Amino acid sequence: MVIKGIVFNIQRYSLDDGPGIRTTVFLKGCPLKCRWCSNPESQNIYTEISFRNSVCNKCGECSLVCKEGAIKIDDEGVNINRKLCSKCFNCVDVCAPQALKVIGKETSVDEVMAEIRKDLHFYQESGGGVTVSGGEPLAQASFTGEILKTCQEEGIHTCVETCGYGTKESLNKILPFTSLIYFDVKHIDPTIHKKFTGRSNKLIIDNLKYVASKGIPLVIRVPVITSFNDSDEVINNIACLVAGINKPLEIHLLPYHNYGIGKYKMLGRKYSLEELSRPIDSKLKILQEIVSSFGLNCEIVK
Ligand code: SF4
Ligand code: SF4
């Protein structure tokens, strides 16, 4: 049986998603909807269109071929009613300046592996490998597991970046073939977690303990979001939780950034954190010291 998944990017020469030079496979579909998400194109598990106004020449071709009447051109330009869109992508085919693009593509494991194998020598020389990211790899667990399994059979180091929200069944499809896990912990309080991500953290914390019990090398990543979890108390509580589990390698603090704002516009969505700014460096340093006081290695990532 050919196993396929929905992939929205395969990034070669990645230096930020694990050790060495890596190929990162970005999957669509995430059960969380974090308000600060910088990859909103990863959230829906289905293919969708994005529209870049800056390169649109208002030729109207897209509107002419849309049988659903989902595209209207007015004085302000192209207006897409995504509720009417049937995802035929005829509009994308006729858009000469590529203002319209399809996000996501059904891709087989063989197709993914063909991309991965292009950089075998980089992995060998740099101690790198492959990282499956998202979206959420657990949302397409069979596909993720098959990629990781094939990589391991070919001697390629494997890493998974996960928000931790998924069933044990999905975890069990992935963990046997994973050499390193980047696991996100965003908050300790389930109510606040739900308010900002759409889901309680209970399952995530249960899964963190489950993953740790398997003895797989584990890096905890904490996105530091102003006014959500950037207080001394919250970071102290996260560090306390992490220090109590089996030998995590380290904690990475990832300061909030708003680089994803433009993508929300391209997907016709609203970004709710327009006014938020990055935590200041002195604050991050204090949070790093709090984590380190638990005997954990702590790195502030970019
Ligand atoms: S086909 Fe492309 S360039 Fe022409 S109006 Fe539509 S989005 Fe704009
Ligand atoms: S993908 Fe098809 S239905 Fe959707 S807006 Fe484009 S032409 Fe219309």
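Just so it is clear, the structure is predicted and the values come from calculations on it, not from any experiment.

Attention now moves to the side chain of Asp17. With respect to the helices, strands and loops of the structure, Asp17 is situated in the loop between strand S1 (4-14) and strand S2 (22-27). Here Thr24 takes part through its side chain, which lies 2.9 Å from a polar atom of the side chain of Asp17. Those residues in contact with Asp17 that sit more than four places away from it in its chain are Arg22, Thr24, Phe26, Thr131, Cys159, Glu161 and Tyr182.

This part is about the nonpolar core. Counting residues in each nonpolar core, the largest one holds 65 residues, and the members touching the most others are Ile116, Ile147, Phe183, Leu218 and Ile220. The contact partners of Ile147, leaving out residues within four places of it in the chain, are Val109, Val112, Met113, Ile116 and Val132. Ranked by size, the runner-up nonpolar core spans 15 residues in total, among them Ile71, Val78, Cys91 and Val92.

Taken together, Phe51, Cys56, Asn57, Lys58, Cys59, Gly60, Cys62, Val78, Cys95, Pro97, Ala99 and Leu100 make up the full set of residues near ligand 1. The residue makeup of the shell around ligand 1, split by class, is nine nonpolar, two polar and one charged.

Time to look at the state of the cysteines. One covalent bond between the sulfur atoms of two cysteine residues makes up a disulfide. Under the definition given, this model contains zero disulfides. For Cys298, which is in no disulfide, the shortest distance to another cysteine sulfur is to Cys240 and amounts to 15 Å.

Close to ligand 2 lie Ile49, Cys66, Glu68, Ala70, Ile71, Cys85, Ser86, Lys87, Cys88, Phe89 and Cys91. Split by residue class, the shell around ligand 2 holds eight nonpolar, one polar and two charged.

Okay, the environment of Gly244 next. Along the polypeptide, Gly244 turns up in the loop between helix H9 (232-243) and strand S12 (250-255). Classification of Gly244 as exposed rests on a relative accessible area of 65%. Gly244 sits 41 residues away from Lys285 along the chain, and the two C-alpha atoms are 22 Å apart.

Position of Ser108 among the secondary structure elements: in strand S7 (residues 105-108). Taking the C-alpha atoms as reference, Ser108 lies 8.8 Å from Ile6; in sequence the two are 102 residues apart.

The subject of this paragraph is the environment of Gly155. Mapping Gly155 onto the fold places it in the loop between helix H5 (141-153) and strand S9 (157-162). Residue Gly155 is classed as exposed on the basis of its relative accessible area of 68%. Each C-alpha atom of the pair Gly155 and Pro97 lies 42 Å from the other, and the pair is 58 residues apart in sequence.

Take the pattern of salt bridges next. In total, this model carries 13 salt bridges according to the counting rule given. As a salt-bridge pair, Asp119 and Arg12 come within 2.8 Å of each other at their nearest N and O atoms. Of this pair, Asp119 sits in the loop between helix H3 (109-117) and helix H4 (120-126) while Arg12 sits in strand S1, placing them 107 residues apart in sequence. Judged by relative accessible area, Asp119 falls into the buried class, the value being 2%. Residue class for Arg12 comes out partly exposed when judged on its relative accessible area of 28%.

Calculation criteria
Residues numbered from 1 in each chain as written. Chains lettered and ligands numbered in written order. Predicted model: local features only at pLDDT ≥ 70, side-chain atom pairs only at ≥ 80, totals over all residues. Heavy atoms only, no water. Helix = DSSP H or I, 4+ residues; strand = E, 2+ residues; numbered from the N terminus. Polar contact = N/O pair within 3.5 Å; in protein donor to acceptor, adjacent residues only side chain to side chain. Contact = heavy atoms within 4.5 Å. Core = buried A, V, L, I, M, F, W, Y, C linked by side-chain atoms within 4.5 Å. Buried < 20%, exposed > 50% of the residue type's maximum accessible area, 1.4 Å probe, protein only. Near = heavy atom within 4 Å. Nonpolar A, V, L, I, M, F, W, Y, C, P; charged D, E, K, R; others polar. Disulfide = S-S within 2.5 Å. Salt bridge = Lys/Arg side-chain N within 4 Å of Asp/Glu carboxyl O.

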